[in-house]
Amino acid sequence: MNEPNPTQGEASQPNKQYDEMPLHETLRRGVKEMGYTEPTPIQAKTIPQAVLGTDIIGTAQTGSGKTAAFLLPILERLLREPTGRIYALVLTPTRELALQAETFLKKLGRHTHLKGAAVYGGVGMEPQQRALRGGAEIIIATPGRLLDHMSRGYVDFRHLRILVLDEADRMLDMGFIPDVRDIVGRLPRNRQTMLFSATMPPEIVRLSREFLNNPRMIRMEEKTVAAAGVSHRAILVEANRKTSILSDLLRQEGMDSVLVFTKTKHRADRLSFQLQKMGVRAGVIHGDKSQSQRVRALEAFRNGSQRVLIATDIAARGIDVEGISHVINYDVPHEAATYVHRVGRTARAQKEGDAISLVSREEQDDFDRIEQFIGMAIARENKTDPNAAPQAPMGRFSQPRHRPGVRPPPRHRYQHKF
Ligand code: ADP
Ligand code: MG
């Protein structure tokens, strides 16, 4: 292992390459075999600190590579430990995220003796019980299911050295904080804790004060990262014509792997039904689908046999698919941060992608706020029908978008296609 350099990880330093990172050769091999050539910015800043055992608060938007930023230091720190005990626990909000982190762990750690296991609800307890009884050194768990196991008395966390709270803001949104608190209260106090989050609402700041000890803050600029590499585009359309506009879009060239967001489960189901009638087949993933339905839909999307996947925000949280070509907002999200999360699904790790939003008149105010939030004007194409619905004029579309006194977003800061 390299000598730790106290200046590593400072904001002014250029990105380190993996070869310059304090990681064992077996881990560098794992990284290379995953096809990662250089660390993402959050990885470059986190890894050198985390391998020293420092507590860390990392904020960076979705898709910035946070998983490897904590898995690699975990593996590095445990390389010399005997098997059969739990040394590290990663808490994550959804089963998809748990499974995904487990997959990354298997790949990154394939040349080590360390084993990881994902523990989540909706499947049998027994295989997970075996993992928790000494079958794995690194546990990646959703809070509810882990508590189930803990209440049965066989989970031994006495050797735990590292705790990671992944996607802390999403755990907050999903109401998991009491469970998290319950779990953390039963872990050894003398441990390294790392907390990762795309955003830092006040509750998460408070939580980090409670759980972390003298943490190092590693913060990536979320707004600019959100815009980088993604070309954004909006289409103004009557609410009742969204499906037909979408079906036209989906037939265009280059629509190879398209993630479509709706605001409710009901709208997701309805959209897939309507698209099917128009001859477009699409998978659906949302909270009311069973585990096996979700896995099947995701797998079909991942392997390309289903090129369109319709999702709600919570269900999409766990989706990590390489090469999503487009994200389409069938519904504009009410929260600007949600927009950032959604478009973070495309152009992942600096690939180019397109984010297209279908904006109805009712959604214009939310869309204006999104532009303000990401600090970027998004080109709008008007596809409203001038002859339709005279009782509901679309006049606002042609008016100046920004009311007097409201500062318009800068129009020149970023490159974008439209
Ligand atoms: P986050 O947790 O920040 O949302 P992930 O850890 O899920 O991001 O990573 C997002 C995507 O980027 C994944 O597909 C992952 O394989 C890929 N990725 C991570 N690190 C690198 C890297 N150094 N080089 C290329 N791709 C990477
Ligand atoms: Mg993540």
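In this description, a pair of aromatic rings is defined by centroid distance and the angle of the planes. Overall, the coordinates contain two aromatic pairs when judged by the stated rule. Ring centres of Tyr339 and Phe367 lie 6.4 Å apart, and the angle between their planes is 85°; on these two criteria the pair is classed as edge-to-face. With a gap of 28 residues between them, Tyr339 in helix 15 (residues 336–343) and Phe367 in helix 16 (residues 364–374) connect regions that are remote in the sequence. Assessed through its relative accessible area of 1%, Tyr339 is described here as buried. Of the residues examined, Phe367 reaches a relative accessible area of 0% and is grouped as buried. Lys242 extends its terminal NZ or CZ atom over the ring of Tyr330, reaching a point 5.8 Å from the ring centre.

It is worth spelling out empty space enclosed by the protein at this point. Counted by the stated rule, this structure contains three cavities of 30 Å³ or more. Of the volumes computed, that of the largest cavity is approximately 70 Å³. Along its surface, the largest cavity is lined by Arg170, Phe261, Asp313, Ala316, Arg317, Thr338, His341, Arg342 and Arg345. For the lining of the largest cavity, the leading source of residues is helix 15, giving three residues. Across the lining of the largest cavity, the residue classes break down as two nonpolar, two polar and five charged.

Within this structure, the stated rule accounts for 24 salt bridges. The residue Glu137 makes a salt bridge to Lys115 at a minimum N-O spacing of 3.9 Å. Of the two residues, Glu137 is situated in the loop between helix 5 (126–135) and strand 4 (138–141) and Lys115 in the loop between helix 4 (95–108) and strand 3 (116–119); the sequence distance between them amounts to 22 residues. In this structure Glu137 comes out as buried when scored by relative accessible area, which is 0%.

Glancing now at the site of ligand 1. Neighbouring ligand 1 are 19 residues, the closest being Tyr36, Glu38, Gln43, Gly63 and Thr67. The separation between a nitrogen atom of ligand 1 and a polar side-chain atom of Gln43 is 2.8 Å. Gln100 places a polar side-chain atom, nitrogen or oxygen, 3.2 Å from an oxygen atom of ligand 1. Compared with its free state, where it exposes 560 Å², ligand 1 has 90% of that area covered by protein. Those elements that place two or more of their residues in the shell around ligand 1 are helix 3 (66–78) and helix 4. Here the residues of the shell around ligand 1 are counted per class, giving five nonpolar, nine polar and five charged. A domain split of the shell around ligand 1 shows at least three residues from each of domain 1 (6–220) and domain 2 (226–398).

Leu72, Ile74 and Met194 are the most contacted members of the largest nonpolar core, which has 40 residues in total. For this core, the elements supplying multiple residues, two or more each, are helix 1 (25–33), helix 2 (41–50), helix 3, strand 2 (88–91), helix 4, strand 4, strand 5 (162–165) and strand 6 (192–197). In terms of residues, this core owes the most to one element, helix 3, which gives seven residues. Residue contacts for Met194: discarding those within four places in its chain leaves Ala50, Ile56, Phe70, Ile74, Ile162, Leu163, Val164 and Leu165. With 35 residues, the next largest nonpolar core counts Ile86, Val119, Leu146 and Leu212 among its residues.

Moving on, we get to the side chain of Asp55. Of note, Asp55 is situated in the loop between helix 2 and strand 1 (56–59). With no salt bridge to any partner, buried Asp55 finds its closest opposite charge in Arg191, at an N-O distance of 6.5 Å. Within the structure, the side chain of Asp55 is placed 2.8 Å from the backbone nitrogen of Thr193, a separation counted as a polar contact. Here Asp55 is in contact with Arg191, Gln192, Thr193, Leu212, Asn213, Asn214, Pro215 and Arg216, once residues within four sequence places are set aside.

It is worth spelling out the packing of helix 11 (residues 242–250) against helix 12 (residues 265–277) at this point. In contact at an axis separation of 10 Å, helix 11 and helix 12 are set at 60° when each is read in the N-to-C sense. One way to sum up the angle between helix 11 and helix 12 is to call them oblique. Between helix 11 and helix 12 lies a crossing whose hand is right-handed. When helix 11 is examined against helix 12, the residues Thr243, Leu246, Ser247 and Leu250 are found in contact with a partner set consisting of Leu271, Gln274 and Leu275. The class makeup of the residues in the contact of helix 11 with helix 12 is four nonpolar, three polar and no charged.

Within the chain, residue pLDDT values average 85, and 85% of them lie at 70 or more. Predicted confidence for residues 1–13 stays below pLDDT 50, and this span has 17 contacts to residues more than four positions away or in other chains. Note that pLDDT drops below 50 for residues 390–418; the model gives that stretch 55 contacts with residues more than four away or on any other chain.

Cut-offs and rules
Residues numbered from 1 in each chain as written. Chains lettered and ligands numbered in written order. Predicted model: local features only at pLDDT ≥ 70, side-chain atom pairs only at ≥ 80, totals over all residues. Heavy atoms only, no water. Phe/Tyr/Trp six-rings, centres within 6.5 Å; stacked < 30°, edge-to-face > 60°. Helix = DSSP H or I, 4+ residues; strand = E, 2+ residues; numbered from the N terminus. Buried < 20%, exposed > 50% of the residue type's maximum accessible area, 1.4 Å probe, protein only. Lys NZ or Arg CZ within 6 Å of the ring centre and 35° of its normal. 1 Å grid on protein atoms, 1.4 Å probe; cavity = no way out; pocket = protein on both sides within 12 Å on 5 of 7 lines; lining within 4 Å. Points joined across faces, edges and corners; volume = space filled by probe spheres on them. Nonpolar A, V, L, I, M, F, W, Y, C, P; charged D, E, K, R; others polar. Salt bridge = Lys/Arg side-chain N within 4 Å of Asp/Glu carboxyl O. Near = heavy atom within 4 Å. Polar contact = N/O pair within 3.5 Å; in protein donor to acceptor, adjacent residues only side chain to side chain. Areas by Shrake-Rupley, 256 points an atom, 1.4 Å probe, with all protein chains shown as cover. Domains from an automatic or database assignment. Core = buried A, V, L, I, M, F, W, Y, C linked by side-chain atoms within 4.5 Å. Contact = heavy atoms within 4.5 Å. Lys, Arg positive; Asp, Glu negative; His and termini not counted. Axes fitted to C-alpha atoms, helices over the stretch in contact; angles between N-to-C directions. Parallel < 35°, antiparallel > 145°, perpendicular 65-115°, else oblique. Left-handed = near helix turned anticlockwise from the far one by under 90°. pLDDT = per-residue confidence, 0-100.

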